[in-house]
Amino acid sequence: MSGIGPVEPGEGTRARHTGPPEDPYASYDSATPDDQCAPRDPHSVHHARHPLAPAPPFRHRSPAARLHARLRARLRGLLRTRPGSRPRRTLLTAAVLAALLTCGGILYAAREQQPPHPALPLPAPPYPSQVVDVSYLDPAATPPGAPPGSFSFALLVSVESGPPVTVTALDQPYAGLSLTSAPRPPFRTAAGTARKIVITMHVMECGKVPENAGLPFLDVTLRNIRAMEVQSFILGSRYAHALSEALQVACGNVSR
């Protein structure tokens, strides 16, 4: 009896699957709970993520890294073209992309290796003579207990900015006069403030004081964290007039 039936699979052939389509979840649904929870090798070709499992976390990349990846993908696509079918424009584009990749990689690596900018040093504080001013206010009452031939003036010491300034000494240029102050040195004045002081002069020898003080000044020793300086302050015409009158009164009955 002869007949033609289905061809049996032999060497080098495969049987065609004629049954119902395979269920992609069959292996997962038929597995035992122990098999479902058992750890699997992530590098195994048979390991597939369940469709309902959460996706792996997204890895953030910088814009430069994303651009670099796009350029590499574009260059890879151009180089996969068959050598005989590469027109001149394609080869030129590939060369340009290769140069961009090289330059971009060099610039990115150089930027990553640059050390952070060092902090700028703080500016040095000003010298005390640059921020201190001494001005004349008006005549003042002579303190009790002052010897005859004494007179007093009120002054204002102000500090514009910077660290506090200390007045360590006050002096005047005439040999026949002595000078004291209230408060007594040293005293400190902070930046942005002013201090009123009263200086008292005593005539010790009328022959060594001027009859008419033209441009009288005071020598003030100043100190802050930057330096110590002796600064001469000319107190103006009002102070010169008041000092001349006080000297004439103090030495009026004394022949020169």
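1. Remarks on the sheet that holds strand β2 (residues 150-159)
Link 1 in the chain: Taken in spatial order, the four strands make up an open sheet running β1-β2-β6-β4, and their pairing is antiparallel. Each end of this open sheet is capped by a strand with a single partner; those strands are β1 (132-140) and β4 (177-182). Between one strand and the next, the sheet's axes are offset by a mean angle of 30 degrees, whatever the strand orientation.
Link 2 in the chain: Where β1 lies against β2, eight bridges are found, and the strand directions are antiparallel. Its bridge partner being in β2, P139 is matched across the sheet by F153.
Link 3 in the chain: Packed onto the sheet, helix α6 (residues 237-250) meets β1, β2, β4 and β6 (193-203) and runs at close to 160 degrees relative to β2.

2. Focus: the confidence of the model for the chain
Link 1 in the chain: Taken residue by residue, the chain gives an average pLDDT of 76. The fraction at 70 or more is 55%.
Link 2 in the chain: The low-confidence segment residues 23-39 (pLDDT under 50) makes seven contacts with residues lying over four places distant or belonging to another chain.
Link 3 in the chain: Note that residues 42-46 has pLDDT below 50 and, in this model, one contact with residues that lie over four places away or in other chains.

3. Quick notes on the pairing of strand β7 (residues 217-223)
Link 1 in the chain: Direction of pairing for strand β3 (residues 165-171) relative to β7: antiparallel, over a ladder of five bridges. Each residue of the ladder has a partner; that of L170, found in β7, is V220.
Link 2 in the chain: Here β7 runs beside strand β8 (residues 228-234); their pairing, made up of seven bridges, is antiparallel. Across the sheet, residue L222 finds its bridge partner in β8, namely E229.

4. A word on α6
Link 1 in the chain: With 14 residues, α6 ought to run about 20 Å at 1.5 Å a step, and its terminal C-alpha atoms sit 20 Å apart, in line with that.
Link 2 in the chain: Among the residues making up α6, those that are buried are Y239, A240, A242, L243, S244, A246 and L247.
Link 3 in the chain: Its buried side turned inward, α6 meets β1, β2, β4, β6 and β7.

5. A word on the pattern of salt bridges
Link 1 in the chain: Applying the stated criterion across every chain, the model contains one salt bridge.
Link 2 in the chain: Between E205 and K208 there is a salt bridge, with its nearest N and O atoms 3.5 Å apart.
Link 3 in the chain: Take E205: its relative accessible area is 39%, and that puts it in the partly exposed class.

6. Let's talk about the packing of aromatic side chains
Link 1 in the chain: For the coordinates displayed, the defined rule picks out four aromatic pairs.
Link 2 in the chain: Look at Y136 and F153: their rings are 6.0 Å apart centre to centre, the planes differ by 70 degrees, and that puts the pair in the edge-to-face class. Here the residue Y136 occupies a position in strand β1, and F153 occupies one in strand β2, the gap between them amounting to 17 residues.
Link 3 in the chain: You can call F153 buried: its relative accessible area is 2%.
Link 4 in the chain: Ring geometry for F153 versus Y239: centroids 5.5 Å apart, planes at 75 degrees, classification edge-to-face. Of the two residues, F153 sits in strand β2 while Y239 sits in helix α6, which places them 86 residues apart along the sequence. Take F153 and Y239: they sit in the same class, and that class is buried.
Link 5 in the chain: Here the aromatic cluster, defined as three or more aromatic residues joined through ring pairs, consists of Y136, F151, F153 and Y239.
Link 6 in the chain: Stacked on the ring of Y127, the Lys or Arg R226 has its end atom at 4.1 Å from the ring centre.

7. Some thoughts on the environment of E229
Link 1 in the chain: Examined against the element boundaries, E229 turns out to sit in strand β8.
Link 2 in the chain: With 102 residues separating them along the chain, E229 and Y127 place their C-alpha atoms 8.2 Å apart.
Link 3 in the chain: Those residues within four positions of E229 in sequence are excluded, and the remaining contacts are Y127, P128, S129, V220, T221 and L222.
Link 4 in the chain: Only 2.7 Å separates the side chain of E229 from the side chain of S129, close enough to count as a polar contact.

Reading the values: the criteria
Residues numbered from 1 in each chain as written. Predicted model: local features only at pLDDT ≥ 70, side-chain atom pairs only at ≥ 80, totals over all residues. Heavy atoms only, no water. Pairing = 2+ DSSP bridges. Helix = DSSP H or I, 4+ residues; strand = E, 2+ residues; numbered from the N terminus. Axes fitted to C-alpha atoms, helices over the stretch in contact; angles between N-to-C directions. Contact = heavy atoms within 4.5 Å. pLDDT = per-residue confidence, 0-100. Expected span 1.5 Å × (residues − 1). Buried < 20%, exposed > 50% of the residue type's maximum accessible area, 1.4 Å probe, protein only. Salt bridge = Lys/Arg side-chain N within 4 Å of Asp/Glu carboxyl O. Phe/Tyr/Trp six-rings, centres within 6.5 Å; stacked < 30°, edge-to-face > 60°. Lys NZ or Arg CZ within 6 Å of the ring centre and 35° of its normal. Polar contact = N/O pair within 3.5 Å; in protein donor to acceptor, adjacent residues only side chain to side chain.

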